[in-house]
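Summary of the model geometry
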Amino acid sequence: MNNNITKYFLAGIVGTIVMTIVMIMAPNLGMPEMAPWKLLAGAMSVPILVGWIMHFMMGILFALGYGFVFAPNVHINNL
């Protein structure tokens, strides 16, 4: 079980990094600016660094939630 927690945690970090890169590139691809770290920091009137930390914490929590709630119900058989 501990090994799964580590995998889910790392998947959350990697997934958050990938999505953050896409969000940073969005204006260059013709999409509107997407900066949840700015929204989080602005909504709570805290420095932008706190917004970044919360952004990554949420990404990790989403990965952990997926890993514990949905992943056990997904069964993939190799044919």
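Our subject is the structure that appears above.
Please read all numbers here as calculations on a predicted model, not as lab measurements. (Residues numbered from 1 in each chain as written. Predicted model: local features only at pLDDT ≥ 70, side-chain atom pairs only at ≥ 80, totals over all residues. Heavy atoms only, no water.)

1. Comments concerning the overall build of the protein chain
Regarding its fold elements, the protein chain presents three helices and zero strands. Helices (α) and strands (β) of the protein chain occur, in sequence order from the N terminus, as α-α-α. Relative to the 2.2 N^0.38 estimate, which gives 12 Å for 79 residues, the radius of gyration of the protein chain is 16 Å and therefore markedly larger than a compact globule would have. For the C-alpha atoms alone, the extent of the protein chain along its principal axes is close to 45 × 30 × 15 Å. Within the protein chain, residue pairs in contact and separated by at least 24 positions form 52% of the contacts whose partners lie at least 6 positions apart. Total accessible area on the protein chain is roughly 6000 Å²; 74% of this is exposed by carbon and sulfur atoms. (Helix = DSSP H or I, 4+ residues; strand = E, 2+ residues; numbered from the N terminus. Rg over C-alpha atoms; globule rule 2.2 N^0.38 Å. Contact = heavy atoms within 4.5 Å. Areas by Shrake-Rupley, 256 points an atom, 1.4 Å probe, with all protein chains shown as cover.)

2. Examining the side chain of threonine 16
Along the chain, threonine 16 turns up in helix 1 (residues 2–25). Among all residues touching threonine 16, those that are not within four sequence positions of it are His55, Phe56, Gly59 and Ile60.

3. Notes on the packing of aromatic side chains
Within the structure shown, the criterion is met by four aromatic pairs. Taking the centre distance of 4.3 Å and the plane angle of 15 degrees together, the rings of tryptophan 37 and tryptophan 52 count as stacked. Taken as a pair, tryptophan 37 in helix 2 (residues 36–44) and tryptophan 52 in helix 3 (residues 48–69) lie far apart in primary sequence, 15 residues in all. Look at tryptophan 37 and you get buried, because its relative accessible area is 7%. Overall, the relative accessible area of 27% leaves tryptophan 52 in the partly exposed class. Put simply, the rings of Trp37, Trp52 and Phe56 pair up and form one aromatic cluster. (Phe/Tyr/Trp six-rings, centres within 6.5 Å; stacked < 30°, edge-to-face > 60°. Buried < 20%, exposed > 50% of the residue type's maximum accessible area, 1.4 Å probe, protein only.)

4. Comments concerning the pattern of salt bridges
Throughout the structure, instances matching the rule amount to one salt bridge. Lysine 38 is paired through a salt bridge with glutamate 33; the nearest N and O atoms lie 2.9 Å apart. (Salt bridge = Lys/Arg side-chain N within 4 Å of Asp/Glu carboxyl O.)

5. Let's talk about a nonpolar patch on the surface
A cluster of nonpolar side chains, Ile5, Tyr66, Phe68, Val69, Phe70, Val74 and Ile76, forms an exposed patch at the surface whose accessible area comes to about 710 Å². On the accessibility criterion, tyrosine 66 (48% relative accessible area) is partly exposed. (Patch = residues over 30% accessible without salt bridge, like charges linked within 9 Å, V, L, I, M, F, W, Y side chains within 5 Å.)

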